[in-house]
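A look at the structure
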Amino acid sequence: MLLLQFSTSQYCRKARLALGYKKISYQVENLTPGLHILKLKPKTGLSTVPVLLPQEDGQPEVIADSTPILKYLESYRPLPSYIPANHQEKTQAWLLEDWLDESIGTATRFVYYHYRLGEGKAIDPSFSSQLVINIVRFQYNINPSSVKLAESRLENAMQVLSPWQTQPYLVGENISVADIAAAALLSPLALIPHYRQTYPWLFQRIKEIHHICNETLPPGLD
Ligand SMILES: N[C@@H](CCC(=O)N[C@@H](CS)C(=O)NCC(=O)O)C(=O)O
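Residues numbered from 1 in each chain as written. Predicted model: local features only at pLDDT ≥ 70, side-chain atom pairs only at ≥ 80, totals over all residues.

Digging into the pairing of strand β1 (residues 2–5)
Bridge count for β1 against strand β2 (residues 27–30) is four bridges, and the pairing is parallel. Looking at the pairing, Q5 lines up with N30 of β2. Chirality of the crossover, the property in question, places the unit of β1, helix α1 (residues 10–21) and β2 among those that are right-handed. (Pairing = 2+ DSSP bridges. Helix = DSSP H or I, 4+ residues; strand = E, 2+ residues; numbered from the N terminus. Right-handed = clockwise from strand over helix to strand, strands pointing away.)

Okay, here's the thing in structure tokens:
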């Protein structure tokens, strides 16, 4: 299988966690931001990574978006499963996955890029890095007001994710798509001291999920 990705994208990390959990061997192709559209648009009609190319007879040619990728991998290799068998837990896990994708992954992006341009500039002050960050800021309309809203969404998210304070998994007794999504999509916060100091349990769980999924730890936790 081939995963088209940006190496630093937390949505691509989510796909890698799923591939790693299922012990599926794969290769990655790192796309160049900006030029990625030329490669992706004709294949998927979208401009976002991750995109998975199974490259096997009898399999779909292309799967775009991290959620369909997780669903596809579950059907491709059902065991070990990251979807609860219990109906209520399954619904809960997918609900959390969708909320993490649509709301919390975006809020994390806003807060993270805002930090990288200000207090966190020293992480990589190079011209090329700051240029990419500025393009992302422009693309997603990241400004002090939208960052403030994102920060308050993240504070709320910590309440929703509070089961992680006392138990290893967000839903039920086993790892689920909710843990995989949370571990990937919140991982950029590991570089921001406020979150590290206020929510140490969050980063402990992120580390544990990465170990279970055989995935390299994100920057700040490595
Ligand atoms: N809902 C999508 C979100 C993916 C996403 O936002 N990817 C970003 C990188 S983190 C991207 O490809 N941005 C480039 C663009 O929008 O052109 C998923 O889960 O795959």
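A word on the environment of P125
Its location among the elements puts P125 in the loop between α4 (87–117) and α5 (127–139). On the neighbour-count criterion, P125 (10 C-beta atoms within 10 Å) is exposed. Sequence-wise, P125 and Q165 are 40 residues apart; in three dimensions their C-alpha atoms are separated by 35 Å. (Buried ≥ 20, exposed ≤ 12 C-beta atoms within 10 Å, placed from the backbone.)

Some remarks on the nonpolar core
One finds A18, I180 and A182 to be the most contacted residues of the largest nonpolar core, which totals 56 residues. When residues of this core are traced back to their parent elements, those giving at least two are α1, β3 (51–53), α3 (66–76), α4, α6 (144–160), α8 (177–185) and α10 (200–212). Sorting elements by how many residues they give to this core places α4 first, with eleven residues. Viewed by domain, this core spans two of them, domain 1 (2–76) and domain 2 (87–212), each represented by three or more residues. Discounting residues that sit within four places of it in the chain, A182 has contacts with L100, L161 and L170. (Core = buried A, V, L, I, M, F, W, Y, C linked by C-beta atoms within 7 Å. Domains from an automatic or database assignment. Contact = placed C-beta atoms within 7 Å.)

As for the domain arrangement of the protein chain
Structurally, the protein chain comprises domain 1 (2–76) and domain 2 (87–212). Taken over C-alpha atoms, the centre of domain 1 sits 20 Å from the centre of domain 2. In this assembly, eleven residues from domain 1 lie in contact with 15 residues from domain 2. Looking at the side of domain 1 that touches domain 2, the elements with two or more residues in it are α1 and α3. Top contributing element to the side of domain 1 that touches domain 2 by residue count: α1, with seven residues. Per-class residue counts for the side of domain 1 that touches domain 2 are six nonpolar, three polar and two charged. (Nonpolar A, V, L, I, M, F, W, Y, C, P; charged D, E, K, R; others polar.)

What about α4?
Between its first and last C-alpha, α4 extends 44 Å over 31 residues, near the 45 Å set by a 1.5 Å rise per residue. Remark: the principal bend of α4, roughly 40°, maps to L100. (Expected span 1.5 Å × (residues − 1). Bend = angle between axes of the 7 residues up to and from the residue.)

Details of the UniProt feature "domain: GST N-terminal" (unreviewed entry) in the protein chain
In the numbering used here, UniProt assigns the feature "domain: GST N-terminal" (unreviewed entry) to residues 1–81. Across residues 1–81, helical content stands at 40% and strand content at 16%; the span's end C-alpha atoms are separated by 19 Å. (UniProt positions renumbered as here; feature names shortened; annotations may be inferred.)

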